[in-house]
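Overview (structure and organization)
What follows is the residue order along each chain.
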Amino acid sequence: MAGKAQFRFSFGPWNIHEGADVFGPAVRKPVQFAQKLKLYKKLGFDAVQFHDDDAVASVDVPHERMIKEAGEMRRMLDGEGLAAEFVAPRLWEHPLTIDGGYTSNDPKARQYALERSKKTIDIARVLGTSNIVLWPAREGVYVNESKDHRLAAERFVQAVNAMLDYDKAIRVLGEMKPNEPMDQSYLPTTGHFLSICYLASDPARVGVLIETAHALLAGLDPAVEMAFALFHRKLWSVHLNDQNGLKFDEDRIFGAVNLKRAFDQVLVLYDNDYGAGGEYVGLDVKALRTQSDELATRHLSGSREIFLQLLEVVKKIDRRRLEELRASRNYEDLELFIIKSLMGKA
Ligand code: 3MF
Ligand code: MG
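Attention in this report is confined to the structure presented alongside it. Just so it is clear, the structure is predicted and the values come from calculations on it, not from any experiment.

Along the backbone of the chain there are 12 helices and 10 strands. In terms of overall dimensions, the chain is globule-like: its C-alpha atoms have a radius of gyration of 20 Å, near the 20 Å expected for 346 residues. Each principal axis of the C-alpha atoms in the chain carries an extent, and together these give about 60 × 45 × 40 Å. Pairs at least 24 residues apart make up 75% of the contacts formed inside the chain by residues separated by at least 6 positions. Entry remark: accessible area of the chain is about 16000 Å², with carbon and sulfur atoms responsible for 53%.

Glancing now at the coordination of the magnesium ion (ligand 2). Within the protein, the magnesium ion (ligand 2) binds to Glu175 (OE), Glu211 (OE), His239 (ND1) and Asp284 (OD); these donor distances fall in the range 1.9 to 2.3 Å. Each of the 6 donor atoms bound to the magnesium ion (ligand 2) contributes to angles spanning 78 to 172 degrees, and the resulting shape is octahedral. Each donor residue of the magnesium ion (ligand 2) belongs to the same chain, and together they define the spacing E-x35-E-x27-H-x44-D. Highlighted residues: Glu211 in strand β8 (residues 206-211) and His239 in strand β9 (residues 235-239), separated in sequence by 28 residues. Relative accessible area serves as the criterion here: at 2%, Glu211 is assigned to the buried category.

This part takes up the nonpolar core. In this structure, Phe50, Ile123, Leu127, Phe193, Leu235, Phe263 and Phe307 are the most contacted members of the largest nonpolar core, which totals 82 residues. Sort the elements by how many residues they give to this core and helix α9 (residues 259-271) lands first, with 7 residues. In this view, Phe50 contacts Trp14, Phe33, Ala55, Met73, Leu77, Ala84, Phe86, Val87, Ala88 and Leu127; residues no more than four positions away in its chain are not counted. Counting 7 residues, the second-largest nonpolar core is a separate cluster that includes Phe86, Ala88, Val133 and Leu173.

With that out of the way, let us pick up the site of ligand 1. Around ligand 1 sit 13 residues in total, of which His51, Glu175, Glu211, His214 and Asp249 are the nearest. Glu175 places a polar side-chain atom, nitrogen or oxygen, 2.8 Å from an oxygen atom of ligand 1. Lys177 places a side-chain nitrogen or oxygen 3.0 Å from an oxygen atom of ligand 1. Out of a free accessible area of 350 Å², ligand 1 has 93% covered by protein chains. Considering only residue class, the shell around ligand 1 consists of 5 nonpolar, 3 polar and 5 charged.

A separate point is the pattern of salt bridges. Counted under the stated rule, the structure contains 25 salt bridges. Note that Asp165 and Lys168 form a salt bridge whose closest N and O atoms lie 2.8 Å from each other. Accessibility classification places Asp165 together with Lys168 in one group, the exposed group. A salt bridge links Lys177 to Asp249, with the shortest nitrogen-to-oxygen separation between them at 3.3 Å. One end of the pair, Lys177, is in the loop between β6 (171-174) and β7 (184-185); the other, Asp249, is in the loop between β9 and α9, with 72 residues separating them in the sequence. Residue Asp249 is classed as buried on the basis of its relative accessible area, which comes to 15%. One connected set of salt bridges, linked through shared partners, spans Asp52, Asp53, Asp54, Arg90, Glu93 and Arg116.

In this section: a nonpolar patch on the surface. A contiguous nonpolar patch, built from Leu336, Ile339 and Met343 and spanning about 270 Å² of accessible area, is present on the exposed surface. Secondary-structure assignment places Ile339 in helix α12 (residues 331-342).

Let us look at unusual backbone geometry. The peptide bond linking Glu180 to Pro181 adopts the cis configuration, its omega dihedral lying at 10 degrees. Secondary-structure assignment places Pro181 in the loop between β6 and β7. Of note, Leu187 is a non-glycine position whose phi angle comes to about 50 degrees, a positive value. With respect to the helices and strands, Leu187 occurs in the loop between β7 and α6 (190-197). The exposure class of Leu187 is buried, given its relative accessible area of 11%. Positive phi values are uncommon outside glycine, yet Asp273 reaches one of about 55 degrees. Of note, Asp273 is situated in the loop between α9 and β10 (281-283). The class for Asp273 is buried, based on a relative accessible area of 14%.

Reading the values: the criteria
Position numbers for residues start from 1 in each chain and track the written sequence from start to end. Note on labels: chains are lettered from A, ligands numbered from 1, in written order. The predicted nature of this model means local features are confined to residues of pLDDT at least 70 and side-chain atom pairs, given and counted, to a pLDDT of 80 or more, with totals for whole chains, interfaces and linings taken over all residues. In computing side-chain values, all of the structure's heavy atoms are included and hydrogens and water are not. Helix and strand assignments follow DSSP, with helices taken as H or I runs no shorter than four residues and strands as E runs no shorter than two, numbered in order from the N terminus. Here the globule rule is a power law, 2.2 Å times the number of residues to the power 0.38, and the radius of gyration is based on C-alpha atoms. Residue contacts are counted whenever heavy atoms from the two residues lie within 4.5 Å of one another. Here the Shrake-Rupley method, with its probe set to 1.4 Å, supplies the accessible areas, and only the displayed protein chains count as covering residues. Here a donor is any nitrogen, oxygen or sulfur atom (N, O, S) within 2.8 Å of the metal, with 3.2 Å used for Na, K and Ca; water is not among the atoms considered, so some sites may look incomplete. The geometry test gives tetrahedral to four donors whose angles all lie between 85 and 135 degrees, gives square planar to four donors and octahedral to six donors whose opposite members are over 155 degrees apart with all other angles between 65 and 115, and gives irregular to the rest. Any residue under 20% of the maximum accessible area for its type is buried, any over 50% is exposed, and the rest in between are partly exposed; the area is computed with a 1.4 Å probe on protein chains only. In plain words, nonpolar cores are sets of buried Ala, Val, Leu, Ile, Met, Phe, Trp, Tyr and Cys residues tied together by side-chain atoms within 4.5 Å. If a single non-hydrogen atom of a residue is within 4 Å of a molecule or strand, that residue counts as near it. Two N or O atoms count as a polar contact when they lie within 3.5 Å, although within protein this holds only if one can serve as hydrogen donor and the other as acceptor, and sequence-adjacent residues are included solely when both atoms are side-chain atoms. Basically, the charged four are Asp, Glu, Lys and Arg, the nonpolar ten are Ala, Val, Leu, Ile, Met, Phe, Trp, Tyr, Cys and Pro, and anything else, Gly included, counts as polar. For salt bridges, the criterion is a side-chain nitrogen of Lys or Arg within 4 Å of an Asp or Glu carboxyl oxygen. The patches reported here contain residues having more than 30% relative accessible area and no salt bridge. Joining distances are 9 Å for like charges and 5 Å for nonpolar side chains (Val, Leu, Ile, Met, Phe, Trp, Tyr).

Have a look at this one:
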C-alpha cells in the first residue's frame, strides 16, 4: 500500500551558506548556528543533518570536551523541537586526509580517518541518532596508478566493519558520487556501495543515501536508483536537488532543471512508502551566489514546496489510465499523460 508515510523534511546547516565558490569569496554574511536552527521549523523542516564538526567546534580536542559540546548541541536541538537525522565525518578537509582516509596509502591517514569516524559515532550517540553517513569525498584517485584499486575496496569494507563493530546500534549509509573533488571516486555509484553492504560484517546495518545530483553526474536516473535501493530495503536517506547536465555538483532547487525527473523521484518514494520507517526527505540544495542574505533560504522552503506539490500530482494520477497505457505499450501517450498531469491538464 502506497502512501503510508507522512513525509518529514531535513537539511544540513551547510545549505545556508555565504556563497563562496572556487572562483570567489563569500558574498553573504555568515549565519550563526543557533540562528540557523531557529530557521528550520519556520522553513518547514523537522530534522538536522550534521557533519561531525557542525555538531562540535572541533573533533581534534580531548574527548570529554567534544562530548560536552555535543551535549550542548543536543540541548539546542531539543529546545527547537528538532531531531538529528545523521552525522557524517567530514574527512575531506583535514591535512592528514589530503589523499583520502580509509583508502589512503598512508597508514597515519587511515588511522586518523577511522578514529574520526568513531568520534562521529560518539557524537551521533549524544545527538540521539544511529545514522552515520559517509560521503567519501577524497577516497579515489587523481592519477590512476597512484593507488591499488583492489586494495582500496578491501580497505573500504574494513573501515565500515570497524564502525559497525565500534557501536552495535549504528547504521552506516554510503552517499556515493562519481567525481568531484576526485577525478575518479572509489565506489562511484549506489550500486557499488550496495555491493560493499553485503560484504560487511552486519549487512542489515549498511545502506545508502541517494543524492539526485550524484546519480545524474554518474549518468544515472535518480528515480531508478532510488527504486533499486528501495528494493534492497536500503534507502535510508535522500539528498533531493537538481542538476543541469554533467558538470560540477550544482545542488539546484528540487525540480528546477527537470520537473518530470523530480516527479519521478516523488512517485517512487511515495509508491514504496519511503518515510514509513522514519526516513526523512533530505534536501541538499545551495542558494545561488547571486542571492541576497534575505533570500538565501528560499531554495530550501521552495524545494520542500515543490516536493509537496509534486506529491499532490502523484496522488491524483489516474492509476487505471497509467496501467492501461503500460499494458498497451502506448508509451508516447504515457509520456504526454505525465507531462499534461504536471501542467494540470491531464
Ligand atoms: C557533496 C555533498 C555533501 C554531502 C554531505 C554529507 C555538501 O557532494 O553532497 O553535501 O551530502 O557532506 O555527507
Ligand atoms: Mg549531498
